[in-house]
Amino acid sequence: MHFKGIREQQGIICKSCGCTKHYWLQGKWQWQCSECRFRTTLRSGSMMENAKLPFRMWYLAMAFMSFSKKGISATELQRQLGHKRYEPIWFMMHKIRKAMGNRDALYKLTDMVEFDEGCFETEIDNESRTSLKRGRGSERQVNVAVMAESTPLEDVRTGKISNHCRYFKMRVLESYQKDEINQVIEDSINEKTIVFSDKSTSYVDISNFVEVHITEKSSKQTTVRTLPWVHIAISNAKRTLLGIYHKIKGKYLQLYLDEFCYKLNRRYFGEKLFDRLAIAVSNNYWYNNG
């Protein structure tokens, strides 16, 4: 079985004693710990633990979510799977998105990184519509920190400099305060990194967490020359979320951004993306998180 092979490749960890040596009980379809004889099921410790939907639906969901370039809505996936109820499909997709976010959280951006913020529009309930604020700080707008690992490249023949982008991260922010920005930088970017940003007052302490912090006054030229990839990512993410999901509640925005970044960071994987997603779903995050 494919999932069994994936889990054994990642390593089985005993929930009882933490031992990593197990043997397979063919008759039970479980692993048994060599030390304490505690048994681990195929789903135990993975994102599938306690899930009622069968393996087949999880695998089909991972296939649809990895093979679709931009994404697929829960309504469409429900139709494709032929399931009677919407809620289990929606919940399963969020657990898969959570696995994507957990996987990307294992890595930090390095070398040269562009940093900026973007506002994403989210759905609000009807009762709050009459008292909405306008502009920055509106309940409808959610602030998101966007980071892009960007490397400048120079054409030997023409001398023209262009930026090559590798990996992205997006983090939903609760405020516009510098303390939260500092935490995002510390969690997401390697300390030996050069960070480019505008001169926002929220970024005054970034230099304390990285090797070099280079700032430019915010302008159209800065967007094009210094921070091109973060703004391309913000634009593409907004267009993707609006085109497929139409309206997203703010408390779920991070999950949708996790899926967007996960697929963007693996945009050249092709068919191998499904196997990488199976690894993300099978990983023992309960152990990694203590």
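A.B. asks: Hey, could you go over the nonpolar core for me, with residue numbers and the actual values?
C.D. replies: M48, M62, M92 and I96 are the most contacted members of the largest nonpolar core, which totals 32 residues. Put simply, the parts of the chain that give this core at least two residues each are α2 (55-67), α3 (74-81), α4 (86-104) and α9 (272-282). One finds F168, L227, V230 and F260 within the second-largest nonpolar core, a separate group that totals 23 residues.

A.B. asks: Describe the environment of I12, and please don't skip the residues or the numbers.
C.D. replies: Mapping I12 onto the fold places it in the loop between α1 (2-10) and β1 (22-25). Note on I12: relative accessible area 6%, which makes it buried. Measuring from C-alpha to C-alpha, the distance between I12 and Y23 comes to 9.7 Å, with 11 residues separating the pair along the chain. Discounting residues that sit within four places of it in the chain, I12 has contacts with R7, C19, T20, H22, W31 and T40.

A.B. asks: Describe in detail the packing of aromatic side chains, supporting the description with residues and values.
C.D. replies: A ring pair, where both rings are aromatic, is described by two values, the distance of the centres and the angle of the planes. Enumeration over the complete set of coordinates arrives at 9 aromatic pairs. Taking 5.1 Å as the distance between ring centres and 85° as the angle between the ring planes, the aromatic pair formed by W90 and Y252 counts as edge-to-face. Taken together, the residues span a long stretch of sequence, with W90 in helix α4 and Y252 in the loop between α7 (228-245) and α8 (253-265) at a distance of 162 residues. On the basis of relative accessible area, Y252 is assigned to the partly exposed category, the value being 22%. Between the aromatic rings of F115 and Y203, the centroid separation amounts to 5.3 Å while the plane-to-plane angle is 85°, which identifies the pairing as edge-to-face. You can see F115 sitting in strand β4 (residues 112-121) and its partner Y203 sitting in the loop between β7 (194-198) and β8 (212-216), a full 88 residues away along the chain. Here F115 matches Y203 in class, with each residue buried. Grouped by ring-pair contacts, the aromatic residues F3, F55, Y59, F67 and F274 constitute a single cluster. The positively charged end of R43 is found above the aromatic ring belonging to F55, 4.7 Å away from the centroid. Above the plane of the ring of Y262 lies R266, whose end atom (NZ or CZ) is 3.8 Å from the centre.

A.B. asks: I'd love a proper account of the side chain of K169, names of residues and values included.
C.D. replies: Looking at the secondary structure, you find K169 in strand β6 (residues 161-172). Here K169 is buried and forms no salt bridge, its nearest opposite-charge partner D104 lying at an N-O distance of 6.2 Å. Within the structure, the side chain of K169 is placed 2.8 Å from the backbone oxygen of Y107, a separation counted as a polar contact. For K169, the contacting residues outside a window of four places in its chain are D104, A105, Y107, K108, L109, A145, V146, M147, S188 and C261.

A.B. asks: If you had to explain the sheet that holds strand β2 (residues 30-33) to someone new, which residues and values would you point to?
C.D. replies: Taken in spatial order, the 3 strands line up as β1-β2-β3 in an open sheet, and their pairing is antiparallel. Looking along the sheet, the strands with just one partner apiece sit at the ends: β1 and β3 (39-41). On average, each strand axis in the sheet is tilted by 30° relative to the strand beside it, whichever way the strands run. With 3 bridges joining them, β2 and β3 adopt antiparallel strand pairing. Paired with Q32 across the two strands is R39, which belongs to β3. Each of β1, β2 and β3 is contacted by α1, which is oriented at about 25° to β2, the strand it contacts most.

A.B. asks: Describe the pattern of salt bridges, naming the residues involved and giving the relevant values.
C.D. replies: By the definition in use, this model includes 11 salt bridges. K15 serves as the salt-bridge partner of E49, at 2.7 Å between the closest nitrogen and oxygen. Here E49, found in the loop between β3 and α2, pairs with K15, found in the loop between α1 and β1; they are 34 residues apart in sequence, far enough to count as distant. Where E259 meets R97, a salt bridge forms, and the shortest distance between an N and an O atom there is 2.7 Å. Of this pair, E259 sits in helix α8 while R97 sits in helix α4, and the two are 162 residues apart along the sequence. For the pair E259 and R97, a shared accessibility class is recorded, and that class is buried. Put simply, R97, E259 and K263 are held in one network by salt bridges that share partners.

A.B. asks: Describe the state of the cysteines, listing the residues and the values that go with them.
C.D. replies: Evaluation of the coordinates by the stated rule reveals 0 disulfides. Looking at C33, it has no disulfide partner, and the nearest cysteine sulfur is the one in C17, 3.7 Å off. With relative accessibility at 0%, the residue C33 sits in the buried group.

A.B. asks: Break down the pairing of β7 for me, citing the residues and quoting the values.
C.D. replies: As paired strands, β4 and β7 are joined by 3 bridges and run parallel to one another. Bridge pairing links E114 to F196 in β7. Sheet analysis places β7 next to β8, joined by 5 bridges and oriented parallel. When the sheet's bridge partners are listed, F196 is paired in β8 with I214.

Scoring rules and cut-offs
Residues numbered from 1 in each chain as written. Predicted model: local features only at pLDDT ≥ 70, side-chain atom pairs only at ≥ 80, totals over all residues. Heavy atoms only, no water. Core = buried A, V, L, I, M, F, W, Y, C linked by side-chain atoms within 4.5 Å. Buried < 20%, exposed > 50% of the residue type's maximum accessible area, 1.4 Å probe, protein only. Helix = DSSP H or I, 4+ residues; strand = E, 2+ residues; numbered from the N terminus. Contact = heavy atoms within 4.5 Å. Phe/Tyr/Trp six-rings, centres within 6.5 Å; stacked < 30°, edge-to-face > 60°. Lys NZ or Arg CZ within 6 Å of the ring centre and 35° of its normal. Lys, Arg positive; Asp, Glu negative; His and termini not counted. Salt bridge = Lys/Arg side-chain N within 4 Å of Asp/Glu carboxyl O. Polar contact = N/O pair within 3.5 Å; in protein donor to acceptor, adjacent residues only side chain to side chain. Pairing = 2+ DSSP bridges. Axes fitted to C-alpha atoms, helices over the stretch in contact; angles between N-to-C directions. Disulfide = S-S within 2.5 Å.

As far as function goes, none of this settles anything; it's purely spatial.
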